[in-house]
Every structure is written in C-alpha cells, then in structure tokens.
Amino acid sequence: MTTGNPHQKAKGLPKGTTRRPAKELCSECGLCDTPYIHYVKDACAFLNQQIEQLENNTHQRSRDLNSENELYFGVHQQMFSAKKQIPIEGAQWTGIVTTLACKMLTQGYVEGVVCVQNTAEDRFSPKPIIARTPEEVIAARVNKPTLSPNLSILEEIERCGLKRLLVIGVGCQIQALRAIEDKLGLDKLYVLGTPCVDNVTRAGLQKFLETTSRSPSTVVHYEFMQDFRVHFKHEDGSIEKVPFFGLKTNQLKDIFAPSCLSCFDYVNGLADLVVGYMGAPFGWQWIVVRNDTGAQMLDLIKDELDIAPVISKGNRKNAVQQSIPAYDKGVTLPMWAAQVMGLVIERVGPQGLEYAKFSIDSHFTRNYLYVKRNHKEKLEQHVPDFAQKIVKQYQLPKA
Ligand code: FAD
Ligand code: SF4
C-alpha cells in the first residue's frame, strides 16, 4: 500500500505545495502531509519539545535523572545485546526489526506495519508504506539513511479501518506520533523505534557518499560503527572502512539536516522497544525495553535470538571534550594519521554503553551549540532537562 500526499488532496493545496510550520527545522516526518497538520503546533518535535511529558504519558513515569543509564538512554526496564541466530539477508544488522514486525503481523497482534521501502528508481529514497504482509515488511528492510516522511501514511489508518498498528520509526517521527496517538482511533499502537542521528536529505546523502566513499554509486548500505569507522558495503559484497577521524568534516558540516542538528532524542525515548547497535559490542544489536508493551513484543522473537549482557568499558570524557573544538573548527586529519588514531582508539577507547554515551555526549554538545547559535530564542524550551544535564558536564566554546 503506497501513499500520495493526502494533505494536499484533503486541503486542495496546489500540487507540490507543502506546509512546514517548523520551516528549516522540519525533519519531513510526514505529519504535515496529512489532515493531522491541524495539531502541528502541539505535535511537531521542533515547534513544541515535550518529550518529558510524553515519556510520562507513554511509560507512566519520567526518566530517573540520577541514574546515569536512564539519563542517557531514557526510561527502560531492561537493556541487552542480541543478534538473530539466522540473520536476514540484506537487513541493516541482523534483521531483528524486520523479524519482529513480521511476527506481529503473522500472529495477528497487528493488522498493519508502518515501515519504509525504497522507491523503484533509487535504493536510498524512502517510500513509507503500511505493510499488510510479511513480504512487504521484508521489502522495507535496511536503512534508508535519509529524512523519511513516515507519518504521511497516517490518513490511511482511518480509511482502511485499521485498529491495531505497529509503527517503526525514528525519534522525531515517534514524538509527533505520540502527541496525536489518541486522535488515531486505534485500539492498540505498538512502537518499535531505532536510534537516529545525523540524518540528511537525499542530496546531502549524495554529497556524503561522494566525499567519503571510493565508489559512491555501488554503496548498498553503510553504518557509523562502534570501531570508530564508517563501514560501507558495496554491491559486490566488499566492505570499505573509513575512520571517523579521516572524514572531511570541513566539507561535511553542512550536510546534516538542521532538524538533526537540533535533536536531543537520539535514543528514541518514546518507543516501547528500541533496536539499535551503539550500546552493544561490535557485531551485536542493542535492545532497550522501555515498558510492558515493549517486553511483550520482544517475547515474540526471543527464541530466535542469541542474547548477551551489555558491557561498558573505558572512559569517554576526555575524548568528548577534545572533539568539541575539533569539530567546531572542522579539523580533518590526513588519512594515515586518521587510520593510526582509529587503531589506537579502537583498543583503548570507550566500548559498549560507554561508546553509546560518547556518541550521545558528542552529538548533544554539538547540537546544543547549534541551537544556541542559530535559534537562541528556542534554547531553553527546546533542550530537555536530561540533555542540559549531559551538556553541562563539558566546557563549550563561549560563542
Ligand atoms: P532491519 O531489519 O534492516 O529494518 C530496518 C527498519 O528501519 C525497516 O523496518 C525500515 O522501515 C526502517 N527504516 C529504514 N529507513 C528509515 C528511516 N529513514 N526512517 C525511519 N525508519 C526507517 N542505531 C544506533 O545504534 N545508532 C545510530 O546512530 C543509528 N542511526 C540511525 C539512523 C537512521 C536514519 C536509521 C534509520 C537508523 C539508525 N540506527 C542507529 C538504527 C540501526 O542502524 C538499525 O536500523 C537498527 O539497529 C535495526 O537493525 P535491523 O537489522 O534490525 O533492521
Ligand atoms: Fe510538520 Fe513533521 Fe516538519 Fe514538524 S517535522 S513541520 S510536524 S512535517
């Protein structure tokens, strides 16, 4: 089931016209392509940051700011590392997200799954759908590493009479979804989230690939890995590894979407269950069960997983502090130095949950500076208390 632009049809806007009240901060979550645009002032993650209140509504409590793991990773009951015993070919990692979504459909927990396929013309251009069969879910496996209007399909829920729905999505999509959840007429909503950071438009993605990979046109998949390298998988199956410290930061600084430069929900705090990788050892996925619904979802596929405890090693603090001015000045190392640095930091650098905290610290400090410099009037309302607490651990440049 595919989507057009229901809002334009519903409101009779001329073709190609879209309303985006968040302007340059819009993450193209898709809400404004539907009649639910009516709620945008309240629901949009970039117009009305309300994650703490929505956390309370969703999980019946807010995160415990005195527990370091809750401060960073949000409300949760359990966290562990996992991988599919039999991985799904072509999935981003081992396919835990796809497996769970298929299981929820086939076992009748839900009638549809909001997920993202790619367009016929381009493997990285997103095409949100409501999948009604496992085949349609499987066709949506692997990241489309671009802003994706997942919520543009919301109007179909009512039209198709869906009552039980699973939504797969990233933080900004899920915040808007949670804000209008009670308007959707559903009996049950399940939310399977992934962490998300540094997303880009399709044009921005092209610039990243062209600046960073030896063969941009053959990249089928990439990930910023826990070994401090970007791993590009090419069509022929070969893996190209580029150290983070060798990225051409001076050229890449402006490719990230302004929405992502002002986002503080890296870990998808409003999902029932989160599946990422950054808190797990290399090769494993990272599972965060936030509430009873998430636990019930995970139970459906537990017997298909190898499971291991999370680990935490090293100390991130100096590396984060040093990276703040280096990023600000767009410092890029020569490739040989970046390779050496990558090898050293892989041995002695932060691992497991400490790596995840390193990544959150680096992005939150950068984003705090971005909001302060570009949207100073929003700073206080837009940065949640937990993010303020994280950022305050570091010395930031004055201006
Ligand atoms: P698969 O079984 O391959 O399923 C992937 C699912 O992702 C599909 O169901 C598809 O519908 C959905 N999807 C694809 N593209 C998008 C999109 N643009 N928006 C919303 N949903 C989408 N994890 C981390 O730990 N740290 C990160 O920094 C991080 N950044 C990410 C950035 C993006 C843009 C995305 C989409 C994911 C990111 N993740 C991150 C999650 C991680 O890359 C994997 O998606 C996750 O671990 C699930 O792997 P899998 O093999 O189970 O997924
Ligand atoms: Fe609308 Fe979503 Fe953009 Fe906000 S982020 S303006 S809700 S499309």
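The structure under discussion appears in the preceding block.
The residue numbers shown here count from 1 along each chain, following its written sequence. For naming, the first written chain is A and the first written ligand is 1, with later ones following in the order written. Per-residue local features are limited, in this predicted model, to residues with pLDDT of at least 70; the limit for side-chain atom pairs, both in listing and counting, is 80 or more; totals at the level of whole chains, interfaces and linings are taken over all residues. Water and hydrogen atoms were dropped before computing side-chain values, which therefore reflect all heavy atoms in the structure.

**Observations concerning the site of ligand 1**
Part 1 of the reasoning: Around ligand 1 sit 33 residues in total, of which Trp93, Thr98, Val142, Lys144 and Tyr277 are the nearest.
Part 2 of the reasoning: Think of a polar contact as two N or O atoms within 3.5 Å of one another; within protein, one of them needs to be a possible hydrogen donor and the other a possible acceptor, and neighboring residues in sequence only count if both atoms come from side chains. A distance of 2.8 Å separates an oxygen atom of ligand 1 from a polar atom in the backbone of glutamine 92.
Part 3 of the reasoning: One nitrogen or oxygen atom from the main chain of proline 195 is found 3.1 Å from a nitrogen atom belonging to ligand 1.
Part 4 of the reasoning: Here the Shrake-Rupley method, with its probe set to 1.4 Å, supplies the accessible areas, and only the displayed protein chains count as covering residues. In isolation ligand 1 has 910 Å² of accessible area, and contact with the protein removes 98% of it. Put simply, a residue is near a molecule or strand once any heavy atom of it comes within 4 Å of that molecule or strand.

**Comments concerning the sheet that holds strand 6 (residues 219-224)**
Part 1 of the reasoning: By definition, two strands form a pair when at least two bridges between them are found by DSSP. Segments assigned H or I by DSSP are reported as helices when at least four residues long, segments assigned E as strands when at least two residues long, and all are numbered from the N terminus. Reading across the sheet, the three strands line up as 6-7-8 and stay open at both edges, with antiparallel pairing between neighbours. Two strands close off the open sheet at either side, each with one partner strand: strand 6 and strand 8 (239-243). On average, each strand axis in the sheet is tilted by 20 degrees relative to the strand beside it, whichever way the strands run.
Part 2 of the reasoning: Strand direction decides the pairing type here: strand 6 and strand 7 (residues 229-234), joined by five bridges, are antiparallel. Paired with tyrosine 222 across the two strands is phenylalanine 232, which belongs to strand 7.
Part 3 of the reasoning: Contacts are assigned to residue pairs that have any heavy atoms within 4.5 Å of one another. Axis angles are defined between N-to-C directions and span 0 to 180 degrees, where every axis is a line fitted to C-alpha atoms and, for a helix, only to the segment in contact. Strand contacts of helix 9 (residues 202-212): strand 6, strand 7 and strand 8, with the helix running at about 85 degrees to strand 6, the strand carrying the most contacts.

**Concerning the packing of aromatic side chains**
Part 1 of the reasoning: Paired rings are identified among Phe, Tyr and Trp, the last through its six-membered ring, by centres lying within 6.5 Å, and are further divided according to the angle between planes into stacked (under 30 degrees), edge-to-face (over 60) and tilted (the rest). Across all of its chains, the model carries 15 aromatic pairs by this definition.
Part 2 of the reasoning: An angle of 40 degrees between the planes, with centres 6.2 Å apart, marks the rings of tyrosine 355 and phenylalanine 358 as tilted. Of the two residues, tyrosine 355 and phenylalanine 358 both sit in helix 14 (residues 353-374), three residues apart, roughly one turn of that helix. As far as burial versus exposure is concerned, tyrosine 355 and phenylalanine 358 are alike and both buried.
Part 3 of the reasoning: Taken together, the aromatic side chains of Phe208, Tyr222, Phe224, Phe228, Phe232, Phe244, Tyr355 and Phe358 make up a single cluster linked through ring pairs.
Part 4 of the reasoning: Placement of a charge over a ring requires the Lys NZ or Arg CZ to be within 6 Å of the ring centre, with the centre-to-atom vector within 35 degrees of the ring normal. Of note, lysine 183 hangs over the ring of tyrosine 39, and the distance from its end group to the ring centre comes to 4.9 Å.
Part 5 of the reasoning: Of note, lysine 188 hangs over the ring of tyrosine 190, and the distance from its end group to the ring centre comes to 5.2 Å. Burial classification: accessible surface area is computed with a 1.4 Å probe over protein chains only, and a residue below 20% of its type maximum counts as buried, one above 50% as exposed, and the rest as partly exposed.

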